[in-house]
Amino acid sequence: TEFATKVSLVSKSDLLKVSYYEAGRAVVNDPDVTGEQVALVSVLNQDESFGYTRYETIRNKTGAFTKEEITFELARLLAGQAAIQLAGLKPSSAWASSLKEARSLAAVYILEWGMGEDMAAIALDRDGKPKLSAQKAVKFQAALQQLFGEAQDLAHKRLQDRWPLV
């Protein structure tokens, strides 16, 4: 009933992981680069879904992203899992949506915006999706790996430099 004591089904271990995850994402952000500052960090919502980090815009983006901005955005998405690992905890599958978002953003940057090496001239199928030859697929994977590597390095460096804030 509405007057019954609510029992939390969330373990302390899960809450600790979510805390590191969200704090990691928040401290990796650089408002001067992303144009966004942290507005709220939540660990557990009223419906007992896990937390999130909300950002507010402090500078409007022009729509044209630089590699630095994309790298910071990817670092921010990857920082949660990195913070969990730096805290000595076991990785969690809870970051799947952040990883999916990071992969999508990186693919758009490389393929749709033509920002990967030799990626501007790619054939498209009827739906406007890139059709990659075997050679282009190898180049795409290399560009994706490089971009993710740079973002992960940035996330780790900013986390280590700002660990007391986590």
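For the structure itself, consult the block above.
A. Examining the nonpolar core more closely. Core analysis: the largest hydrophobic core is formed by 33 residues, its most contacted members being Leu 74, Leu 78, Ile 110, Leu 147, Phe 148 and Leu 159. When contributions to this core are tallied by element, the ones reaching two or more residues are α1 (12-28), α3 (67-86), α4 (96-112) and α5 (134-161). Ranked by residues supplied to this core, first place goes to α3 with 10 residues. The residues touching Leu 74, leaving out its near neighbours within four places in the chain, are Ala 102, Leu 105, Ala 106, Leu 147 and Ala 151.

B. Molecular detail of the packing of aromatic side chains. Under the defined criterion, the tally for this structure stands at 1 aromatic pair. With a centroid separation of 5.8 Å and an interplanar angle of 5°, the aromatic rings of Tyr 20 and Trp 163 are classed as stacked. Placement of the pair is Tyr 20 in helix α1 and Trp 163 in the segment after α5, with a sequence separation of 143 residues. For Tyr 20, a relative accessible area of 24% corresponds to the partly exposed category. One residue, Arg 76, lies across the ring of Tyr 55, its end atom 3.8 Å from the ring centre.

Parameters at a glance
Residues numbered from 1 in each chain as written. Predicted model: local features only at pLDDT ≥ 70, side-chain atom pairs only at ≥ 80, totals over all residues. Heavy atoms only, no water. Core = buried A, V, L, I, M, F, W, Y, C linked by side-chain atoms within 4.5 Å. Buried < 20%, exposed > 50% of the residue type's maximum accessible area, 1.4 Å probe, protein only. Helix = DSSP H or I, 4+ residues; strand = E, 2+ residues; numbered from the N terminus. Contact = heavy atoms within 4.5 Å. Phe/Tyr/Trp six-rings, centres within 6.5 Å; stacked < 30°, edge-to-face > 60°. Lys NZ or Arg CZ within 6 Å of the ring centre and 35° of its normal.

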